[in-house]
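Okay, here's what each chain looks like letter by letter:
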Amino acid sequence: MTTVSDPARKLVKPTPPELMEDAGTGLDYGTRPDRVPGYLTPTDRFFVRSHAATPQIDAATWALCIDGKGVREPIAYTYDELWNCFPLTSVVRTIECAGNRRTLFGAEVGKPFRGTGWGRGAISTAEWTGVRLRDLLEPAGITPDACEVMPEGLDEIRARRPMPLAKACADDTLVALTMNGEVLPPDHGFPARMVVSGWLGAASIKWLGRIEVSDSAIHVPWNTDDYVLIGPDFPRRLPARGAVITALTVTSLVELPWPAHLRPEPQMIRGRAFAGENLVTAVQYRIDDDPWQDAQITPPIMTGAWVRWQFPWNPHPGHHTLRVRARDDQGNTQPDSTPWNELGYLHSSVLAHPIHVAHPSPTHKPHDRTRGTGT
Ligand SMILES: Nc1nc2c(c(=O)[nH]1)N[C@H]1C(S)=C(S)[C@@H](COP(=O)(O)O)O[C@H]1N2
Ligand SMILES: [Mo]
């Protein structure tokens, strides 16, 4: 069969259903939790969240401009200069969309939310290599009044989202040029993207074109109308419609499809836990109404990136419910329910993962399970 490339397609990389979950917008695809065999998410299945089509950018004519009232002298860097004139830093960081699990949030509150219909897949982890943002700001001369830094994308919507100067100058705030050892792919921000550790994915602006340093607070749609928590539990800070989302909350996922189908035999159950800027310190699991037990967390364990966890289980045939809750070093534990907010962000409730365990069949071949080995 020959594949005809669809001119109306908005992304460059293939997004086959064996690897990715279609979130229904033509722009947004989640990583299938059962298709990440290693610690990192392979680039071919790293989730994509884009508000407009992937722009095709020519690195030879591209430049990254730094300007605004918070710098003495505007400055522009070419792609070659980023590669050749600055120290490169590598970090492993998880990117999670603030809207991850929105459909599960809707099921919890009994009413669907508007917005991209994410399942559990808007979270992925990669190794990123690039230049520290502070190394790029410094030659422009940061003034004593500088307070916010706003990266801006070259996509149709000119995506932009400010952060405080301190976050912009953190050791692990990067202008990334590579992802998992290769030059950034178009859908993930070529030629350069932000990686803002532990924060909502929307801060990690792709297809960078400009970085504004300001001497006063910046208000743009992504910190006033979107990516804010609107609801009775959240203080509103004008001109924002709600509480502005910055760092992400503690969460976890099981590396099984939803619902999962298992055999009645001893096996390891695995998953990931992530706590934004905090460190995951414990993961517990509960099967049906049994007591909570500790899962084993396996290294690497660091802030800004997920950890893997696992436990052995020899399940009996029938229907089971698996619950998992992660805790972080600030004493936060995943709650039983998440406070409602209009746009359905930051769902971190303990999930009741449905698991069906088959009755033993004399004909089944053992070890023919394919989960985790997806190609
Ligand atoms: N320029 C630009 N940057 C962007 C976006 C976008 O639409 N345009 N989406 C943001 C959002 S909401 C998320 S969650 C992350 C997703 O990054 P990924 O597509 O590499 O997974 O990119 C962020 N950066
Ligand atoms: Mo996002």
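From a predicted model like this one, the values you see are computed outputs, not experimental measurements.

Reading guide: rules and limits
Residues numbered from 1 in each chain as written. Chains lettered and ligands numbered in written order. Predicted model: local features only at pLDDT ≥ 70, side-chain atom pairs only at ≥ 80, totals over all residues. Heavy atoms only, no water. Salt bridge = Lys/Arg side-chain N within 4 Å of Asp/Glu carboxyl O. Helix = DSSP H or I, 4+ residues; strand = E, 2+ residues; numbered from the N terminus. Buried < 20%, exposed > 50% of the residue type's maximum accessible area, 1.4 Å probe, protein only. Core = buried A, V, L, I, M, F, W, Y, C linked by side-chain atoms within 4.5 Å. Contact = heavy atoms within 4.5 Å. Near = heavy atom within 4 Å. Polar contact = N/O pair within 3.5 Å; in protein donor to acceptor, adjacent residues only side chain to side chain. Areas by Shrake-Rupley, 256 points an atom, 1.4 Å probe, with all protein chains shown as cover. Nonpolar A, V, L, I, M, F, W, Y, C, P; charged D, E, K, R; others polar. Pairing = 2+ DSSP bridges.

**Comments concerning the pattern of salt bridges**
Here comes step 1: Taken as a whole and assessed by the stated rule, the structure comprises 15 salt bridges.
Here comes step 2: Across the pair Asp 172 and Arg 93 runs a salt bridge whose closest N-O atoms are separated by 2.9 Å. Placement of Asp 172 in the loop between helix H4 (165-168) and strand S9 (173-179) and of Arg 93 in strand S5 (residues 89-96) is noted, with a sequence separation of 79 residues between them. The same class applies to Asp 172 as to Arg 93, namely buried.
Here comes step 3: Note that Arg 114 and Glu 342 form a salt bridge whose closest N and O atoms lie 4.0 Å from each other. Of this pair, Arg 114 sits in the loop between helix H2 (102-109) and strand S6 (123-132) while Glu 342 sits in the loop between strand S22 (318-328) and strand S23 (353-357); the two residues are 228 residues apart in sequence, bridging distant segments of the chain.
Here comes step 4: Using a relative accessible area of 64% as the deciding quantity, one classes Arg 114 as exposed.
Here comes step 5: What emerges from the salt-bridge pattern is a single network uniting Asp 67, Glu 152, Arg 158, Arg 210 and Glu 212.

**Topic: the nonpolar core**
Here comes step 1: With 71 residues, the main nonpolar core has Trp 128 and Val 175 as its most contacted residues.
Here comes step 2: Of the residues forming this core, the biggest block, 5 residues, is contributed by S9.
Here comes step 3: The residues touching Val 175, leaving out its near neighbours within four places in the chain, are Leu 64, Leu 82, Gly 130, Val 131, Leu 133, Leu 136, Ala 192, Arg 193, Met 194, Leu 208 and Ile 211.
Here comes step 4: Judged by nonpolar contacts, the second largest core, of 23 residues, contains Val 254, Tyr 285, Ala 295 and Val 357.

**Describing the site of ligand 1**
Here comes step 1: By nearness alone, 20 residues border ligand 1, and Phe 47, His 51, Asp 155, Arg 193 and Lys 206 come closest of all.
Here comes step 2: For ligand 1, an oxygen atom lies 2.5 Å from a polar atom in the backbone of Phe 47.
Here comes step 3: Arg 193 places a side-chain nitrogen or oxygen 2.7 Å from an oxygen atom of ligand 1.
Here comes step 4: Surface burial for ligand 1 is 100%, taken as the share of its 540 Å² of free accessible area covered by protein chains.
Here comes step 5: For the shell around ligand 1, the class distribution of residues is 10 nonpolar, 6 polar and 4 charged.

**Observations concerning the sheet that holds strand S16 (residues 260-262)**
Here comes step 1: Read across the sheet, 5 strands follow the order S16-S23-S22-S18-S19 without closing on themselves; strand pairing throughout is mixed. Two strands lie at the open edges of the sheet, namely S16 and strand S19 (293-294), each paired on one side alone.
Here comes step 2: Alignment of strand S18 (residues 280-287) against S22, held across 7 bridges, turns out to be antiparallel. Paired with Val 280 across the bridge in S22 is Asp 328.

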